[in-house]
Amino acid sequence: MTTGPVPFVDFRPHVAAHRAEIDAAIARVLDSGWFILGPECEAFERELAAHFGVADAVAVANGTEALQLALEALGVGPGDEVVTSPVTAAFSAIAIERAGGTPVFADVDPATVAVTPESVEKAITPRTKALMPVHLYGHPVDLDPMLDLAQRKGLPLLEDACQAHGARYKGRKVGSLGPLAGLSFYPTKNLGAFGDGGAVLVSDTRYSERLRRLRNGGQSRRYYHDEPGINSRLDELHCAVLRAKLPHLDAWTARRRAIAAIYDRELADGAVRPLGEQPYAQSCYHLYVVRSPRRDALAQELHDKGIGTLIHYPVPLHLQKMYARLGGKVGDFPNAEQVVGEILSLPMYPELTDAQALAVAAAVRESR
Ligand SMILES: Cc1ncc(COP(=O)(O)O)c(C=O)c1O
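A brief structural summary. Bear in mind the structure is a predicted one, so any value in this text is a computation, not a measurement.

This brings us to the packing of helix α1 (residues 12-32) against helix α8 (residues 236-245). The contact between α1 and α8 brings their axes to 9 Å, and the two run at 135 degrees. With respect to their mutual orientation, α1 and α8 come out oblique. As α1 runs across α8, the sense of the crossing is right-handed. Between α1 and α8, the contacting residues are His14, Glu21, Ile22, Ala25, Ile26, Arg28 and Val29 on the first element and Glu236, Leu237, Ala240, Val241, Arg243, Ala244 and Lys245 on the second. Of the residues contributing to the contact of α1 with α8, the split by class is 8 nonpolar, 1 polar and 5 charged.

Empty space among the atoms can be located by rolling a probe the size of a water molecule over them. The volume enclosed by the largest pocket comes to roughly 710 Å³. Considering the residues around the largest pocket, the lining is formed by 39 residues, among which Ser184, Tyr186, Thr188, Lys189 and His286 are closest to the centre. Looking at the lining of the largest pocket, the elements with two or more residues in it are α3 (63-73), α4 (90-98) and α9 (249-266). Sorting elements by how many residues they give to the lining of the largest pocket places α3 first, with 3 residues. When the residues that make up the lining of the largest pocket are grouped by side-chain class, the tally is 18 nonpolar, 14 polar and 7 charged. Both domain 1 (12-247) and domain 2 (248-366) contribute no fewer than three residues apiece to the lining of the largest pocket.

Taken together, 3 strands build an open sheet; the order of strands is β14-β16-β17 and the sheet is antiparallel. Only two strands of the sheet have a single partner each, and these edge strands are β14 (273-274) and β17 (343-346). The sheet contact formed by strand β16 (residues 288-291) and β17 spans 4 bridges and is antiparallel. In the strand pairing of β17, Arg291 is matched with Ile343.

Next up on the list: helix α10 (residues 295-304). Here α10 has its buried residues at Arg295, Leu298, Ala299 and Leu302. Looking straight down α10, one finds that the buried residues subtend no more than 100 degrees of arc, so they occupy a single side. Of the residues in α10, the exposed ones pointing more than 90 degrees away from the buried face are Asp296 and Asp304. The inward-facing, buried residues of α10 contact β17 and α12 (354-366). Backbone geometry just downstream of α10 places Gly306 in the positive-phi region, at approximately 85 degrees.

By size, the foremost hydrophobic cluster in this structure holds 46 residues, and its most contacted members are Phe44, Leu48, Val120, Leu131, Phe185, Leu191 and Leu201. Sort the elements by how many residues they give to this core and helix α2 (residues 39-52) lands first, with 5 residues. Inspection of this core shows a minimum of three residues originating in each of domain 1 (12-247) and domain 2 (248-366). Apart from residues no more than four positions distant in its own chain, Leu131 is found in contact with Val83, Val120, Ile124, Leu149, Ala150, Leu155, Pro156, Leu157 and Leu158.

Inspection of the entire model under this criterion finds 6 aromatic pairs. Between Phe105 and Phe333 the ring centres are 6.5 Å apart and the planes differ by 85 degrees, which places this aromatic pair in the edge-to-face class. With Phe105 in strand β3 (residues 102-105) and Phe333 in the loop between α10 and α11 (334-339), this pair connects stretches of sequence that are 228 residues apart. For Phe105, a relative accessible area of 8% corresponds to the buried category.

In the vicinity of the ligand, 16 residues are found, and the nearest of them are Gly63, Thr64, Asp160, Gln163 and Ser184. Within the side chain of Ser92, a nitrogen or oxygen atom sits 3.2 Å from a nitrogen atom of the ligand. Taking Gln163, its side chain carries an N or O atom lying 2.8 Å from an oxygen atom of the ligand. If the ligand stood free it would expose 380 Å²; the protein chains cover 93% of that surface. Contributions of two or more residues to the shell around the ligand are made by α3 and α4. With 3 residues, the top contributor of residues to the shell around the ligand is α3. In terms of residue class, the shell around the ligand is made up of 6 nonpolar, 8 polar and 2 charged.

On to the packing of α2 against α8, then. Two elements in contact, α2 and α8, have axes separated by 8 Å at closest approach and are oriented at 40 degrees. When the axes of α2 and α8 are compared, the pair comes out oblique. With respect to the hand of their crossing, α2 and α8 are arranged in left-handed fashion. Every residue of α8 that contacts α2 at Pro39, Glu40, Cys41, Ala43, Phe44 and Glu47 is listed here: Glu236, Cys239, Ala240, Leu242 and Arg243.

About the thresholds
- Residues numbered from 1 in each chain as written.
- Predicted model: local features only at pLDDT ≥ 70, side-chain atom pairs only at ≥ 80, totals over all residues.
- Heavy atoms only, no water.
- Axes fitted to C-alpha atoms, helices over the stretch in contact; angles between N-to-C directions.
- Helix = DSSP H or I, 4+ residues; strand = E, 2+ residues; numbered from the N terminus.
- Parallel < 35°, antiparallel > 145°, perpendicular 65-115°, else oblique.
- Left-handed = near helix turned anticlockwise from the far one by under 90°.
- Contact = heavy atoms within 4.5 Å.
- Nonpolar A, V, L, I, M, F, W, Y, C, P; charged D, E, K, R; others polar.
- 1 Å grid on protein atoms, 1.4 Å probe; cavity = no way out; pocket = protein on both sides within 12 Å on 5 of 7 lines; lining within 4 Å.
- Points joined across faces, edges and corners; volume = space filled by probe spheres on them.
- Domains from an automatic or database assignment.
- Pairing = 2+ DSSP bridges.
- Buried < 20%, exposed > 50% of the residue type's maximum accessible area, 1.4 Å probe, protein only.
- Arc of directions from axis to C-beta.
- Core = buried A, V, L, I, M, F, W, Y, C linked by side-chain atoms within 4.5 Å.
- Phe/Tyr/Trp six-rings, centres within 6.5 Å; stacked < 30°, edge-to-face > 60°.
- Near = heavy atom within 4 Å.
- Polar contact = N/O pair within 3.5 Å; in protein donor to acceptor, adjacent residues only side chain to side chain.
- Areas by Shrake-Rupley, 256 points an atom, 1.4 Å probe, with all protein chains shown as cover.

Pasting the structure below:
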């Protein structure tokens, strides 16, 4: 097959396909002469909330701060523990620490690479203040039992939906199932900015005002600082670009799912084990992840054929250098430790052609 190299991600066809709308959005902001917390931000927050079917949305500077500020709004502070996954972007745990709390990890189910209600329950202590499951790779965690657990323990549940724009749990969009959820608009995300961006989705509007205050230096009105918030405003340029992109998100999700179906079909012979979808889940395929006991050899062979892959993530968080001080050691979370040695993310973005997906799958099959 003559598809040429297949990079892990390529933004050029994405920009080219939407160039006119993006240029118009940028020009609108330049012409307005208003660059921070203006009409684009207000409109984006409204449109984002409507898209997710939630009451409100608060745009912030990145996904890490979306989670941090959501945790602060939920009351997390010094001495408090928040239970999350050891297999996620380290920024999930960093958000907990920046809110003043301590991350406590719960082992994952190797089939989903997600925390389970059982593992989360084991990690709960009297100091636990919130639960923060991660919809990793765009595949929802099994939320109903997790929400039951949260309710039984009287703990709020914050969805880390940074990778899960458009994923559905039993038909309902993730990000709308707990009181708050965090989104990231990092460029590779399913809804990506041309730079950093994030938002808190708000189902319980009791948190809205505090979130808006926290993202803007704790100001209740201009120059009146009620508490030391941070500067986590999402500027008008990013809001305008994201408004231009949002109407395409459903079509992009459908395209990602079509590519996943090609991979599923072409990789069904057992050369690798695609993670697949659980019966309750409709993944938005932020990433397409396979497991292989000879992962490193496979990645090298694909690289030699010009096919880009990445590992999300190679080091479970309890074994990261920064968490040596929390006493993490090998053996603490056996499933997480095993699975990070086997996972590999294949190219997955809406502009990937069928021919490219077929070429990637063929190269995976040839590598035995
Ligand atoms: C699961 C998860 N949580 C949190 C983050 C942090 O988001 P950001 O990079 O926008 O700060 C990311 C993205 O890096 C992520 O994938």
